[in-house]
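Below, each chain spelled out in residue letters.
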Amino acid sequence: MTLLLATSAEAQTQPRYLAKVPEYITTPNAVDTRIGKLTFFDGLPDVETVQRVYDNLDFSRGVEAFLSGVPAASVYAVCKGLDEVGVKRNGGIAITEDLIDARQLFLTANSTTVYVITCMDLKDGPVVIDVPPGVLGPVDDAYFRWVTDVGLTGPDKGEGGKYLFVPPGYTGEIPDGYFVAKSPTFGNLMFYRAFVKQGDIAGAVAAVKSKARIYPLSSANAPPTQAFVNLSGTQMNTIHANTFYFYEEINEVIQHEPGDAFDPEIVGMFASIGIKKGKPFAPDERMKGILTDAVAVANATARAILFAPRDERVRIFPDRQWGTGFVGGSYAFLNDGERMLDARTLFHYYATGITPAMANAKLGTGSAYAFSARDSKGEYLDGGKTYKITLPSPIPVGQFWSLTVYDGQTRSMLETDQRSAGLDSNDKNIKKNEDGSVTVWFAPKAPAGQESNWVQTTAGKGWNSLLRLYAPLEPWFDKSWKPGDFERVD
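For clarity, every value in this text was computed on a predicted model and none was experimentally measured. (Residues numbered from 1 in each chain as written. Predicted model: local features only at pLDDT ≥ 70, side-chain atom pairs only at ≥ 80, totals over all residues. Heavy atoms only, no water.)

### Some thoughts on the layout of surface pockets
Then step 1. Size it by volume and the largest pocket reaches roughly 1,000 Å³.
Then step 2. Elements with a minimum of two residues in the lining of the largest pocket: β8 (135-141), β12 (187-194), α3 (201-211), β20 (401-407) and β21 (422-424).
Then step 3. If you tally residues by element for the lining of the largest pocket, the top one is α3, at five residues.
Then step 4. Among the residues forming the lining of the largest pocket, the class breakdown is 20 nonpolar, 18 polar and six charged.
Then step 5. Put simply, the second largest pocket is a space of about 460 Å³.
Then step 6. Forming the walls of the second largest pocket are 21 residues, and the residues nearest its centre are Y143, D263, I266, R339 and R344.
Then step 7. Of all the secondary structure elements, the ones that give two or more residues to the lining of the second largest pocket are α2 (47-84), α5 (264-272) and α7 (341-350).
Then step 8. Ranked by residues supplied to the lining of the second largest pocket, first place goes to α5 with four residues. (1 Å grid on protein atoms, 1.4 Å probe; cavity = no way out; pocket = protein on both sides within 12 Å on 5 of 7 lines; lining within 4 Å. Points joined across faces, edges and corners; volume = space filled by probe spheres on them. Helix = DSSP H or I, 4+ residues; strand = E, 2+ residues; numbered from the N terminus. Nonpolar A, V, L, I, M, F, W, Y, C, P; charged D, E, K, R; others polar.)

See the structure below:
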């Protein structure tokens, strides 16, 4: 009788419209996770669970905001650094009249070339830039997206000319006689190389100064006298923050740019942590603590992606430690519909500037790049140790090659007593081996008899190196030539 009553009661409590609910769509009353125990009443999160998951959501979005926001913060930091040394937007042009060294903090800058850099702000209308002949470089927008090249790979084909940069939403008249580039953002960064011929740095600088100009289109009939600022010898910073201040940098960008200047997903992510156009960025104590933690984890993540990549496509040769900054050869980090997020972070955390000419060098033109932070055994390079590397002969370049060392912290040139922070094949003192190959040594002090082939490092500092091949030749592309690894010899 008891059994019959219980069965009858159960039947009465079953809904008339009963679904067959799969277990995998339900939420248990309690579950242990990496953020703690989460508890529910029939799928309804309790107070403690709600707090935990919102803290985790804010934290994870803070991490992603860093990893996705590095390009924007990097452009902002470059233009802010230039402004602080007197290179004003729309009016100033920076030039390294005596090349660059470790006193100027630039991501992976090269000490063998004359750099010319300027920042534009198109908020008040179009800006004109006069480009001299024979230079090479890109213009990127406020998110380091490519806008156009100038010089040899640009529409002027190396002959120089006038470029007109037009802001988003511009409806005014566009006059004839310009190479026109329409940018999706107000902020833009131009930097190009002026080639030094036969060691004549002063000649390269003079050629730039005779032609280079920047001014608003409204002043085209009477351009002001051009202001040049020599960066050589100055102490300055152009590298974005790796602390909570990073989010302040992103906020400055978001407040200045049009609301639709960036991908809505990224704008929404920034907004989710309080960085929203037209509103102050004022996180409360809880949120600031979460974002301070998030940026620490995000910075560590970016460094892991760069210096310990798990993407096998980063490695150029299966038996070498050399990696590429352009996975898949895409300057937009695209692959069959996929935005390669880690590849984008890797490049922009390490370097500045983006152009198809960098990502996909052509035979005998442009430049090819390879970076390494590890020795032949896979250990990080140690500034207190001695290493050597051999570049087999013939080195496949139509112009020249260079090896530069960079600080593991700043990704800028390593601070030593050696100004160039590297070697390049234009140096006539470099010794070749009997077979024509070149062995370069890296150590705090030059090994005996290797002074001409020595790059100085610093004890107690990690370092990494970029190999640049200018006008790379076929053996680089078909991989029949490959550089040696850094071999520790002490």
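### Structural notes on α3
Then step 1. Among the residues making up α3, those that are buried are A204, V205 and V208. When α3 is viewed along its axis, its buried side chains cluster within an angular range of 95 degrees and face the same direction.
Then step 2. Elements that come into contact with the buried residues of α3 comprise β4 (92-95), β6 (114-121) and β12. (Buried < 20%, exposed > 50% of the residue type's maximum accessible area, 1.4 Å probe, protein only. Arc of directions from axis to C-beta. Contact = heavy atoms within 4.5 Å.)

### Here's the deal with the packing of α2 against helix α6 (residues 285-307)
Relative orientation and spacing of two packed helices are given, respectively, by the angle between their axes and the distance between those axes.
Then step 1. Remark: α2 packs on α6, axes separated minimally by 8 Å, with the N-to-C direction vectors making an angle of 45 degrees. By the angle between their axes, α2 is oblique relative to α6. In the crossing of α2 with α6, the sense of the turn from one axis to the other is right-handed. Of α6, the residues touching α2 (which contributes Q51, Y54, D55, D58, F59, G62, V63, F66 and L67) are R286, M287, I290, L291, D293, A294, V295, V297, A298, N299, T301 and A302.
Then step 2. Taken together, the residues of the contact of α2 with α6 sort by class into 13 nonpolar, four polar and four charged. (Axes fitted to C-alpha atoms, helices over the stretch in contact; angles between N-to-C directions. Parallel < 35°, antiparallel > 145°, perpendicular 65-115°, else oblique. Left-handed = near helix turned anticlockwise from the far one by under 90°.)

### So, the sheet that holds β21
Then step 1. The four strands lie next to each other as β18-β24-β20-β21, forming an open sheet whose pairing is antiparallel. Edge positions in the sheet fall to β18 (367-372) and β21, since each of these pairs with one other strand and no more. When strand polarity is set aside, the average angle formed by the axes of neighbouring strands in this sheet is 15 degrees.
Then step 2. As defined by bridge partners, β20 adjoins strand β24 (residues 463-470) across seven bridges and the pair is classed as antiparallel. In the sheet register, Y406 faces β24, and the bridge partner there is N464.
Then step 3. Of the strands in this sheet, β18, β20 and β24 are in contact with α7, which crosses β24 at around 95 degrees. (Pairing = 2+ DSSP bridges.)

### Observations concerning α5
Then step 1. For α5, the full list of buried residues reads I266, M269 and F270. Buried residues of α5, viewed axially, fall in a sector of 100 degrees; they line one side. Structural note: α5 exposes P264 and E265 on the side pointing more than 90 degrees away from its buried face.
Then step 2. Check the buried side of α5 and you find it contacts α2, α4 (245-256) and α7.
Then step 3. G274 sits one or two residues past α5 and shows a positive phi near 100 degrees.

### Some details on the nonpolar core
Then step 1. Core analysis: the biggest nonpolar cluster contains 100 residues, and Y247, W401 and F442 have the highest contact counts within it.
Then step 2. Examining the composition of this core, we find that twelve residues originate from one element, α2, more than from any other.
Then step 3. When residues no more than four places from it in sequence are discounted, the contact partners of W401 are L391, I395, L423, D424, S425, I430, V438, V440, R468 and L469.
Then step 4. Membership of the second largest hydrophobic core comes to 25 residues, among which are I95, V127, Y163 and V205. (Core = buried A, V, L, I, M, F, W, Y, C linked by side-chain atoms within 4.5 Å.)

### What about the environment of R339?
Then step 1. Assignment of secondary structure puts R339 in strand β17 (residues 338-339).
Then step 2. The partly exposed category is assigned to R339, whose relative accessible area is 42%.
Then step 3. Contacts of R339, omitting those with residues within four sequence positions, involve A332, F333, L334 and R344.
Then step 4. Separated by 2.8 Å, the side chain of R339 and the backbone oxygen of A332 make a polar contact. (Polar contact = N/O pair within 3.5 Å; in protein donor to acceptor, adjacent residues only side chain to side chain.)

### Some thoughts on the sheet that holds strand β2 (residues 36-41)
Then step 1. One open sheet holds the three strands; their spatial order is β1-β2-β3, and the pairing between them is antiparallel. Two strands lie at the open edges of the sheet, namely β1 (30-33) and β3 (44-45), each paired on one side alone.
Then step 2. In this sheet, β3 lies alongside β2 in antiparallel orientation, the contact comprising two bridges. Looking across to β3, one finds that F41 is bridged to L44.

### Section: the packing of aromatic side chains
Then step 1. By the definition in use, this model includes 21 aromatic pairs.
Then step 2. Here the aromatic rings of W146 and Y331 are separated by 5.7 Å at their centres, their planes lie at 75 degrees, and the arrangement is edge-to-face. Placement of the pair is W146 in strand β9 (residues 146-151) and Y331 in the loop between α6 and β16 (334-335), with a sequence separation of 185 residues.
Then step 3. Classification of W146 by relative accessible area gives partly exposed; the value is 31%.
Then step 4. Judged by relative accessible area, which is 33%, Y331 ranks as partly exposed.
Then step 5. Ring geometry for F244 against F281: centres 6.0 Å apart, planes inclined by 15 degrees, an arrangement best described as stacked. One end of the pair, F244, is in the loop between β15 (236-237) and α4; the other, F281, is in the loop between α5 and α6, with 37 residues separating them in the sequence.
Then step 6. Taken together through their ring pairs, the aromatic side chains of F66, F244, F246, Y247, F281 and Y349 make up a single cluster.
Then step 7. In this arrangement the basic side chain of R374 is found over the ring face of Y380, its NZ or CZ atom lying 4.1 Å from the centre. (Phe/Tyr/Trp six-rings, centres within 6.5 Å; stacked < 30°, edge-to-face > 60°. Lys NZ or Arg CZ within 6 Å of the ring centre and 35° of its normal.)

So far we have only geometry, and geometry alone does not tell us how the molecule works.
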